[in-house]
Amino acid sequence: METSVSITGISAAKIFRICAFLLVSLFACSSFAEEDPASIIAALGLRESVVAARDMKDWERPHKIVVLSDSTARVAWFHEVAKDVTVVGARSHAEAMAQIGDADGLVGSCNPDVINAGAKLRWIQSQAAGVEDCLAIPKVRDGGIILTNMQRVNGPNISEHAMALILTLTRQINAYLANQSEGKWERRPPQELMDLDGHTMLVVGLGGIGTTIAERAHAFGMHVIATRNSGHEGPSFVDYVGVADELPKLIGQADIVVNVTPLTPETTGLFNAAMFERMKPGAYFINVGRGKSVVTDDLLAALKSGRIAGAGLDVVDPEPLPKDHPLWHALNVVITPHVAGSSELKLDRAWLVMRENLRRYVAGDKLFSVVDVERGY
Ligand SMILES: NC(=O)c1ccc[n+]([C@@H]2O[C@H](COP(=O)([O-])OP(=O)(O)OC[C@H]3O[C@@H](n4cnc5c(N)ncnc54)[C@H](OP(=O)(O)O)[C@@H]3O)[C@@H](O)[C@H]2O)c1
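Basis of the calculations
- By convention here, each chain's residues receive numbers from 1 onward along its written sequence.
- Under the rules for a predicted model, residues below a pLDDT of 70 receive no local features and side-chain atom pairs below 80 are neither given nor counted, while totals for whole chains, interfaces and linings still include all residues.
- Computation of side-chain values covers all heavy atoms of the structure but excludes hydrogens and water.
- Only the six-membered ring of Trp is used, alongside the rings of Phe and Tyr, when aromatic pairs are assigned; centres must lie within 6.5 Å, and planes under 30 degrees apart are stacked while those over 60 apart are edge-to-face, with the rest tilted.
- We call a residue buried when its accessible area falls under 20% of the maximum for its residue type, exposed when it is over 50%, and partly exposed in between, using a 1.4 Å probe and counting protein chains only.
- We call a charge positioned over a ring when the NZ of a Lys or the CZ of an Arg lies within 6 Å of the ring centre and within 35 degrees of the ring normal.
- By convention in these notes, a salt bridge is any Lys or Arg side-chain nitrogen within 4 Å of a carboxyl oxygen on Asp or Glu.
- To qualify as a helix, a DSSP run of H or I must reach at least 4 residues; to qualify as a strand, a run of E must reach at least 2; elements of each kind are numbered from the N terminus.
- Here, strands pair whenever DSSP counts at least two bridges between them.
- Axes here mean lines fitted to C-alpha atoms, for a helix over just the part in contact, with angles spanning 0 to 180 degrees between N-to-C directions.
- What makes two residues a contact is simply this: any of their non-hydrogen atoms within 4.5 Å.
- Throughout, the arc means the angular range of directions from the helix axis out to the C-beta atoms.
- What sets the label is the angle itself: under 35 degrees gives roughly parallel, over 145 gives roughly antiparallel, 65 to 115 gives roughly perpendicular, and the rest give oblique.
- Put simply, a crossing is left-handed when the front helix is turned counterclockwise from the back one by less than a right angle, and right-handed when it is turned clockwise.
- Any residue outside Ala, Val, Leu, Ile, Met, Phe, Trp, Tyr, Cys, Pro, Asp, Glu, Lys and Arg is labelled polar, Gly included; the first ten of those are nonpolar and the last four are charged.

Student: Even after reading the chapter, I still don't get the packing of aromatic side chains, so can you show me in this structure?
Tutor: Any pair of aromatic rings gets described here by the distance separating the centres and the angle formed by the planes. All told, the structure shown has 7 aromatic pairs when counted by the stated rule. Between Phe271 and Phe276, the aromatic rings sit 6.5 Å apart at their centres with planes inclined by 40 degrees, giving tilted as the arrangement. In this structure, Phe271 and Phe276 share a single accessibility class: buried. Plain terms: the ring middles of Phe276 and Phe285 are 5.4 Å apart, the flat faces sit at 90 degrees to each other, and that makes the pair edge-to-face. Of the two residues examined, Phe276 and Phe285, each falls in the buried class. In this structure an aromatic cluster arises from ring pairing among Trp59, Trp123 and Tyr361. Residue placement shows Arg355 over the ring face of Trp77; its charged tip is 4.1 Å from the ring centre.

Below, the structure is given as structure tokens:
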């Protein structure tokens, strides 16, 4: 017989059961993204490899995959799509080192010791979009390992971060925040406020992230032009897409220049004194790609001379930026410590994509986001 305590005719035991059910349901909903991977992958516009994994050089049906994650539940969730394979979790590079010796695949980051200890390693699913650290390892660069990455996955959050950096500068929020910290009601901005509407943005690197930035800038009424590496194709909201070597010509047309290229030999030091000299006087420079694409001393000189109006930087060179570095105190510079890629939603998207690639790798199917080792991204 159920307890006699009841609320509006429902027994306490029933209430307990309902609460328990709701709690379990809540946990199930919030534990791991159960959204359809196909719709997320379609929304991100991920590219499938032309060749199936089973037809790629050196592919063999895998026996063991190591997943870098501090959640055993996450590793079990990965195992669900690769039942015939041993899926082992590693919470640190040290744990990965202990497991990698006989593993065929790694879902994680490119620690050189771990990769070099993986005698049988054939596949790395990088948990990052930029893979310059992976390609610095000869074993990966020489092409013996299939490398897949997180390209395009960061589009939604990084584009919001880029717009936040832009609006902080164009609306002089940085200056007003400084006044606020001193309780100062000073309406006159230190620098003319700029409307985005009607101005021109140049997106350097019109890939997954670059395209979402371009889309948001267009929604603000901006004219958007861009460069990419391989051709002139682009969406309708980009007025002109040039190839990489058109950058020196196009950069002078832009009021806001956003770098979102991967770090490759071609993009290392791309924004140097000569490039800043070609920018429109009073334009803003935003970097959400990689810090090493900018010659920091040249950026500092361009800021100091007033050649450019300001810079919004999520990535810098060096990282972390030393406490006494002059960039911290340069006029009209907004710095965030390489956090544009962070977001709780991105983690769900990223894990779904990695898990789908695991399923495909084990089955020998086409993979998403295979890195072209020659191009470097
Ligand atoms: N701040 C952060 O926290 C953070 C987080 C994630 C990613 N990132 C950086 O953002 C980069 C881009 O990510 P994504 O997901 O957009 O990658 P993606 O989809 O692969 O896009 C890369 C784009 O860069 C273009 N590109 C390559 N070399 C170029 C050059 N020399 N000049 C102009 N364009 C060039 C490519 O052109 P094609 O399309 O013609 O090949 C492609 O459109 C990553 O590699 C990473 O470095 C930063």
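The discussion continues.
Student: I tried to follow the pattern of salt bridges on my own but got confused; where do I start?
Tutor: Where charged atoms from two side chains of opposite charge come close, those side chains can pair. Scanning the model with the defined rule gives 20 salt bridges in all. The salt bridge partner of Glu277 is Arg307, with a shortest N-O separation of 3.7 Å. With Glu277 in helix α12 (residues 273-278) and Arg307 in the loop between α13 (296-304) and β14 (310-313), this residue pair connects regions lying 30 residues apart in the sequence. In this structure, Arg375 and Asp372 form a salt bridge, with 3.6 Å as the shortest nitrogen-oxygen distance. Residue classification places Arg375 among the partly exposed residues on the basis of a relative accessible area of 34%. Three or more residues joined by partner-sharing salt bridges are found here, namely Glu48, Glu356, Arg359 and Arg360.

Student: Just checking my understanding: could you explain the sheet that holds strand β6 (residues 105-108) for this structure?
Tutor: Sheet strands pair via backbone hydrogen bonds, and the direction of the pair is either parallel or antiparallel. Pairing within the open sheet is parallel, and its 5 strands lie in the order β5-β4-β6-β7-β8. Each end of this open sheet is capped by a strand with a single partner; those strands are β5 (86-90) and β8 (146-148). Ignoring strand direction, the axes of neighbouring strands in this sheet form an average angle of 15 degrees. Here 4 bridges tie β6 to strand β7 (residues 123-126), and the two strands are oriented parallel to one another. If you follow Val107 over to β7, its bridge partner there is Gln125. Sitting on the sheet, helix α3 (residues 72-79) touches β4 (64-68), β5 and β6, and the angle it makes with β5 is about 160 degrees.

Student: In this structure, what is going on with α3? I would like to understand it.
Tutor: Residues three or four positions apart in an α-helix share a direction because the helix packs 3.6 residues into each turn. Taken as a whole, α3 has its buried residues at Arg74, Val75, Trp77 and Phe78. Buried residues of α3 fall within an arc of 155 degrees about the axis and therefore sit on the same side. The inward-facing, buried residues of α3 contact β4, β5, β6 and α14 (344-363).

Student: Where do I start with the packing of helix α8 (residues 155-170) against helix α10 (residues 208-219) in this structure?
Tutor: Two measures define how a pair of helices packs: the angle their axes make with one another and the distance between the axes. Packing of α8 against α10 brings their axes to within 8 Å, and their N-to-C directions diverge by 50 degrees. As summarised for this structure, α8 and α10 are arranged oblique, according to the angle between their axes. As for the relative orientation of α8 and α10, their crossing is right-handed in sense. Judged by residue contacts, Gly155, Pro156, Ile158, Ser159, Ala162 and Met163 of α8 engage Gly208, Ile209, Thr212, Ile213, Arg216 and Ala217 from α10. Among the residues making up the contact of α8 with α10, the classes are represented as 7 nonpolar, 4 polar and 1 charged.

Student: Help me out: how do you make sense of unusual backbone geometry in this one?
Tutor: Note: most residues except glycine have negative phi, and most peptide bonds are trans. The residue after Asp317, namely Pro318, is reached through a cis peptide bond having omega 10 degrees. The step from Glu319 to Pro320 runs through a cis peptide bond, and the omega angle for that step is -10 degrees. Counting through the fold element by element, Pro320 comes out in the loop between β14 and β15 (333-335). Located in the positive-phi region is Asn332, a residue other than glycine, with phi close to 60 degrees. Here Asn332 lies in the loop between β14 and β15. For Asn332, a relative accessible area of 9% translates into the label buried. In this structure, His338 takes a positive phi of about 55 degrees despite not being glycine. If you trace the backbone, His338 turns up in the loop between β15 and α14.

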